[in-house]
Every structure is written in structure tokens, then in C-alpha cells.
Amino acid sequence: MSAALMGYALRTPLGGSADTVVSRLFEGRRGPRENARFDASAYACRLAATIEEAPRASRHARFVRRMGLYGMEAAAEALAHAKGAKGDRVGLFSGVGGLRAHWDDMMHAFARQQPDGADAWERGLKDIHPFWMLQHLSNNAHALIAKDLGLRGEGATFGGSNGGAQALAAAERALADGAIDAALVVAYDSLSEPETLVELGANGIATTAPLAALRAPYEAGAAGVVPGEAAAALYLVAEGNERETPLAWLDVSDAADGEQGVPQVATLARVASPWRDGVGFIDGAARANERFDRAEREALGALVGGDTPLIATLGATGDLGAASALVQAIVCAKLLQAGELPPIAGLANVADGPLRPLRARESTTARAALALSCGAPGLAAAVRVRVG
């Protein structure tokens, strides 16, 4: 059973509203810049796509860091957008990138430490707040959203690079089973912090190119993603329980194959396969890896046809980690409603292969789209978006 999308909200490097994001996609805008969060000159990847506006002041900032605050904002806006219900039959499902200790919280405490650990307390550990780790808990924002918005139904928090897709899949199952009447799905993640940049650089996932030489996904010579960040929220009810026409209907599948880095393309094709019927365009995984991009195009072309248009939201926003699937779902719904598709930002020399990576704006009569996302370790997700 599909889930009906009744409301949404987002925060991305291309803007804080869906209309702004879509408008900038049509303009060919790209989020990647020199990292604005900190001096990244010593890192393999010096680029990042970050959210420009700071989160609103919140009394919860003691226990929820920056990305969690964006998630809380998106959750409240999505609920308001949907004019959604609250209470015991409304569930909350959240996806986060994982439990990560932020280096900037600890650097000052370790700057004067000795190799033998002598006088570690006096050399800086005493300066770490005793509650510092509480800010890193993956369910902090989940708990506070549930309390503030009065969402007391079934729910869960999921971690990993497809955490948002996992949360969306769980919400759909709970709606189909009748465990809840409505679900708020929230996801947030940042890949542009020191602790993530080191890993992405070491694994060869993030680009090492300067901004002027950055290659778009599906371009010949593409060599790595730009780390991005986003928060997004969707308010859902089960198909058939809509009180008014929904913005779209969503179907999702997710999988893991045990790979240390990105999943095998066969895994991406496996999650896409159930939703291939009627697909009018694909929003690709946009890994900007020439070999992976080609394999992805071949696998998906075999499913939906080699002339199917291909766009790349995540090429413009940067890799959004756990928030990718939700942001893509919102963007695809808006594009289907608009009847137009944007070009892939920065795409110049299209690499050979099936599907049709777009270099220019194009009209479409499609009523369904398929959005793919993936990340380490071996996680993949597909979301089909349909409109009436």
C-alpha cells in the first residue's frame, strides 16, 4: 500500500523551501562551495554544500545540535503544511546519519594531551561538559519533536546513509498495518563536518577537485561527490485514507549488501525493480563516479528503457546522506506537478551510456518518477513518486 504525501518541508543548500529548491534546479544552480563551516584546506575534499541560514534560536539547543534543530523546524512545518492530526494514532519516524562524536566538541580538550595520557584530566578533559555526549544521541531530536508536536503513536529512529529511506519504509508499513493513522517522517544529516570528511576522503568517495574543475554526475571524468547536508520532513497517511487530494503517493524500498563503500549496482537495481512500471524519469543516485554512474545507467536503463530522462538532484545539492530520499521525494513530486524537468547542474560532456542525462530544461507528461540514493556501507534506497 502506498503512502499519501499530505505535507512536507525541507532545509537544503539550495534553499529552505521546495519552491526555491526547484527554481534553483531549473536555473542550473549548484550548492557546492569552498567549505563554509571551517577551514578545510588540509582535507582531501575542500568543497561542501552547506545550508546558508542558521537554525532558529531554540531552547532545545542544549541537547540538539545544528542539524537536529533543522530537523525539528522541518517537522513542525510539515505538520502545519498538512494541517495534520496529532495524538496517539500519529507516529514519528526519523532517520539520521548515525551516532557521530563531533570533533569540534573535543579538539580543545585533546590539544595539550600527552602520548602516555599523563594528567589527562588537568590537560583538558575537565573542560568537557559532563553532558556533552547527550547532544550526540541519535534519538534526541526524535524525542523532542514527539513531545513538542504531541505525536504519541508508534515510531522509531533509524541510522545510516539511507536512514531517511528506512524511516519512510517503516512508516509506510505501520500505515498499511493500521498501527497508526498518520506518520511524520523526519530525516537530517551532514556530511560536511570534519569527522565525515576524513572518512569520505580516505575512501575516495568525496571529490578532490577544486570548484572550477568539479565534474557533474554522469559526466565523463566524474570523480567524486560533494559532501552536503539537509533536513526534510513528510506527513503521510495511508492511500485511501486521504481527506483531500494528496501532493503525491510514495512507495519505498531499501536494502543493504555488506559492501564497505557504496553498494553494488545490482543492489540499487533490486530496490528499484518493484517500482519501475510507469516511470517517466529517474532522479539518479548521482555518485559522480564514472564507473558507478555507467553501471547505474545500464542497470536502470534495462528496467525502464534506455531513453528515459535522467536528472540529478543530489548533484546540485551535494550528497545529503540520510536526508537524500526525503528531499528527492519532495523535488520529484514538485517536478511531476510542474510538468518540467531541470538540467543536471554543471553537466557538460555527457558520458556514454543508456538513459538520457538532461543538459537542458525539458517538458514531461510523466505521472511517476523514481528516485535512487545510496551510501556506505552498502546501503541503497528507491522511492517511487506518483501524482494524479
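As the structure is a prediction and not an experimental result, all values here were calculated from the model.

*Asks:* Sorry if this is basic, but what is going on with the pattern of salt bridges here?
*Replies:* When charged atoms on two side chains of opposite charge get close, those side chains can pair. As enumerated under the stated definition, the model contains 20 salt bridges in all. With a shortest N-O distance of 2.9 Å, Glu-362 and Arg-356 are connected by a salt bridge. Several salt bridges share partner residues, and in doing so they unite Arg-11, Arg-56, Glu-73 and Glu-77 into one network.

*Asks:* Honestly, helix 7 (residues 265-272) in this entry has me stumped. Any pointers?
*Replies:* Within helix 7, six of the eight residues are buried, which leaves it mostly tucked inside the rest of the structure. Inspection of helix 7 places Val-265, Thr-267, Leu-268, Ala-269, Val-271 and Ala-272 among the buried residues, and these make up the whole buried set. Looking at the buried positions of helix 7, the neighbouring elements they touch are strand 8 (248-256), helix 8 (290-304), strand 14 (368-375) and strand 15 (379-386).

*Asks:* So what exactly am I meant to see when it comes to the sheet that holds strand 10 (residues 309-311) here?
*Replies:* Picture the strands of a sheet paired through backbone hydrogen bonds; they go either parallel or antiparallel. In space, the eleven strands of this open sheet follow the order 5-4-6-7-1-8-15-14-9-10-12, with mixed pairing throughout. Since the sheet does not close on itself, it has two edges, and those belong to strand 5 (156-159) and strand 12 (356-357), each with one partner. Pairing of strand 1 (residues 3-11) with strand 7 (residues 229-238) involves eight bridges; the strand directions are antiparallel. Bridging from a neighbouring strand, Leu-10 pairs with Ala-232 of strand 7. Packing against the sheet, helix 5 (residues 163-177) makes contact with strand 1, strand 4 (90-96), strand 5, strand 6 (182-190), strand 7, strand 8 and strand 15, and its axis sits at approximately 120° to strand 8.

*Asks:* Looking at this structure, how should I read the pairing of strand 7?
*Replies:* Looking along a regular strand, one sees side chains alternate from face to face of the sheet. Counting buried positions along strand 7 yields ten of ten residues, so the element is predominantly enclosed. Residues Glu-229, Ala-231, Ala-233, Tyr-235 and Val-237 of strand 7 are buried on one face, and the alternating residues Ala-230, Ala-232, Leu-234, Leu-236 and Ala-238, pointing to the opposite face, are buried as well. Pairing of strand 6 with strand 7 involves nine bridges; the strand directions are antiparallel. The residue bridging Ala-183 from the neighbouring strand is Leu-236, located in strand 7.

Rules of the game
Residues numbered from 1 in each chain as written. Predicted model: local features only at pLDDT ≥ 70, side-chain atom pairs only at ≥ 80, totals over all residues. Heavy atoms only, no water. Salt bridge = Lys/Arg side-chain N within 4 Å of Asp/Glu carboxyl O. Buried < 20%, exposed > 50% of the residue type's maximum accessible area, 1.4 Å probe, protein only. Helix = DSSP H or I, 4+ residues; strand = E, 2+ residues; numbered from the N terminus. Contact = heavy atoms within 4.5 Å. Pairing = 2+ DSSP bridges. Axes fitted to C-alpha atoms, helices over the stretch in contact; angles between N-to-C directions.

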